[in-house]
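# Fold and contact review
Chain residues, written in single-letter form:
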Amino acid sequence: MLCIRNGQIHDGIHKAAKKADILIDGGKIVKIGQKLPVPKGTEELDATGKMVYPGFVEAHGHIGLDNYGMGIEGHDYNESNDSVTPQMRAIDGIQPADFGLREAAAAGVTTIGTGPGSANVLGGTFVAIKTVGVRVDDMVVKNPVAMKCAFGENPKRVHKGKSVDTRMGNAAKLREALTKAREYLKKKEAAEADDSKKEPTFDFKCESLIPVLKKEIPLKAHAHQLNDMFTAIRIAKEFDVDLTLEHCTEGHLAPELFAAEGYPMAVGPTFGSATKIELRRKTWETPGILDKAGCKVSIITDSPVIPQKYLPLCAGLAVKAGMDPFHALQAITINPAKHLGIADRVGSIEAGKDADLVITNGNPFTPETTVLHVFINGNPVDLKPADTTTVI
């Protein structure tokens, strides 16, 4: 049992911080209040004058699948021989010893959504994991959280001359896969209702899309350009499936339209130069513009495009460009938790949630602030992780 005493708690739910204690037991936040009585033998940490935040959450990246400091030997996030691979599962490729994960945890990024890249029309499923662990199965918060699909330049580039040459072809491939899966599901359901009807021949790709069709997980749509974002929405409506929008580089060009649609939006990566045409309009103003319009906004690094450890700094740059500071905090805590469907466990400091906490000596959005303590499931994190292949 641990009690963190007298910290200024920024809980991710209420705008005003409050000075209070946090009691932790069994990896969970048990109670929050002032001068909490605790059982004899409880470990206590004095956080007087310090800031306490929820563990930071990122809704979209490829960390653990695109390993730190590696080439092809650590690239496990795209299957390039087929443009439609919904049967791929991120959990089967994650390397828990990836040094990028260790850095993320030390910086206070305690939960991430990670999965396939954007080479394919359908890439496979994302998983939400904690950033510390030896065996990925023990790091899982929720699996799966989404089915990755992609629009725009990446599928066109990777599969040019093979299966996808145009945006029309990309959309057609996605429609074809969803239509085939829908017919497959109808046959399965008919066979379950009537023993005289034969079940369809097992199809791994179609099976993998059934959770999308049943709205158990959303399509997670890689889309930078405005037209690609609207194509993703069009297809989601056609098939009556849930959707989240990832990257949203040109989202600031039509904020009211996206607010009216109501789909969660993960914005980024914004730091760095535009490496392709669909990134030319990227700006740190995008998260704030979308937020002010009423959109559900998360900020992402798309790690390792931007190192995961700089997620709080990205929120700070959004604030510098006009985003409300409290909403920027929510964009790296409770909003991405909701985006991933795991807000019942992470994203805010509330009784009953996982004890994922970050203690700092100031505003985490600024580079001069130091992270003093990080807890994941109530356990302290090594803030100076060694770059080593030893995992146990």
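Our structure is the block above this text.
Below: a short report on this structure. Since this is a predicted model, take the numbers as computed values, not measurements.

The tally for this structure, following the rule as stated, stands at 1 cavity of 30 Å³ or more. By volume, the largest cavity is sized at about 40 Å³. Along the walls of the largest cavity sit His-247, Cys-248, Thr-249, Val-267, Gly-268, Pro-269, Thr-270, Lys-282, Thr-283 and Thr-286, which together make up its complete lining. The residue inventory of the lining of the largest cavity, partitioned by class, reads 3 nonpolar, 6 polar and 1 charged.

Of the residues making up helix H8 (residues 311-320), those classed as buried are Leu-311, Pro-312, Cys-314, Ala-315, Gly-316 and Ala-318. Residues of H8 that are buried in the fold lie against strand E6 (56-61), strand E7 (109-114), helix H7 (285-293), strand E13 (297-299) and helix H9 (325-330).

Attention now moves to the pairing of strand E15 (residues 371-376). Note that strand E14 (residues 357-360) and E15 share 4 bridges and pair antiparallel. Counted as the bridge partner of Ile-359 is His-373 from E15. In terms of strand pairing, E15 meets strand E16 (residues 379-380) through 2 bridges, oriented antiparallel. Within the sheet, the bridge partner assigned to Ile-376 lies in E16 and is Asn-379. The hairpin formed by E15 and E16 contains 2 residues between the paired strands, and Asn-377 there has a positive phi angle of roughly 55 degrees.

Here the focus is the sheet that holds strand E11 (residues 243-247). Read from one edge to the other, the open sheet built from 8 strands follows the order E6-E7-E8-E9-E10-E11-E12-E13, with strand pairing classed as mixed. At either end of the open sheet lies a strand with only one pairing partner, and these are E6 and E13. In this sheet, neighbouring strand axes are inclined to one another by 25 degrees on average, regardless of whether the strands run parallel or antiparallel. Judged from the 6 bridges that link them, strand E8 (residues 122-130) and strand E9 (residues 140-150) form a sheet pairing that is antiparallel. Counted as the bridge partner of Ala-128 is Lys-142 from E9. Packing against the sheet, helix H5 (residues 226-238) makes contact with strand E10 (219-223), E11 and strand E12 (265-267), and its axis sits at approximately 165 degrees to E11.

This brings us to unusual backbone geometry. Both trends apply: most residues other than glycine have a negative phi, and most peptide bonds are in trans. The omega torsion across Asn-143 and Pro-144 is -5 degrees, close enough to zero to call that bond cis. On the secondary structure map, Pro-144 appears in strand E9. One non-glycine residue, Cys-248, adopts positive backbone phi at about 55 degrees. Along the chain, Cys-248 falls in the loop between E11 and helix H6 (255-261). Even without being glycine, Asp-302 reaches a positive phi, approximately 55 degrees.

Overall, the coordinates contain 22 salt bridges when judged by the stated rule. Here Lys-130 and Asp-354 are joined by a salt bridge, their closest N and O atoms 2.9 Å apart. Of the two residues, Lys-130 sits in strand E8 while Asp-354 sits in the loop between helix H10 (334-340) and E14, which places them 224 residues apart along the sequence. By the burial criterion, Lys-130 is buried, and Asp-354 matches it. The salt bridge partner of Lys-180 is Asp-203, with a shortest N-O separation of 3.5 Å. Residue Lys-180 is found in helix H3 (residues 167-193), and its partner Asp-203 is found in the loop between H3 and helix H4 (204-213); the two are separated by 23 residues along the sequence.

Cut-offs used in this document
- Counting of residues starts from 1 at the beginning of each chain's written sequence and follows it residue by residue.
- Owing to the predicted nature of the model, reporting of local features is limited to residues with pLDDT of at least 70; listing and counting of side-chain atom pairs is limited to 80 or more, with chain, interface and lining totals taken over all residues.
- Based on all heavy atoms of the structure, the side-chain values leave hydrogens and waters out of the count.
- Here a cavity denotes a set of grid points, spaced 1 Å apart and computed over the protein atoms alone, in which a 1.4 Å probe fits but from which it cannot get out, and a pocket denotes an open set meeting protein on both sides within 12 Å along at least five of seven lines; residues with an atom within 4 Å of a point are reported as lining.
- Grid points are joined across faces, edges and corners, and a volume is the space filled by probe spheres set on the points.
- All residues other than Ala, Val, Leu, Ile, Met, Phe, Trp, Tyr, Cys, Pro, Asp, Glu, Lys and Arg, Gly among them, are scored as polar; the first ten of these are nonpolar and the last four charged.
- Burial here depends on accessible area, computed with a 1.4 Å probe over protein chains only, as a share of the maximum for the residue type. Under 20% is buried, over 50% is exposed, and the range in between is partly exposed.
- Working definition: helices are DSSP H or I runs of at least four residues, strands are E runs of at least two. Numbering for both runs from the N terminus.
- Every residue pair with non-hydrogen atoms within 4.5 Å of one another is taken to be in contact.
- Two strands qualify as a pair provided that DSSP identifies no fewer than 2 bridges between them.
- In this analysis an axis means a line fitted to C-alpha atoms, helices contributing only their contacting stretch, and an angle means the value between N-to-C directions, from 0 to 180 degrees.
- When a carboxyl oxygen of Asp or Glu is within 4 Å of a side-chain nitrogen of Lys or Arg, the pair counts as a salt bridge.

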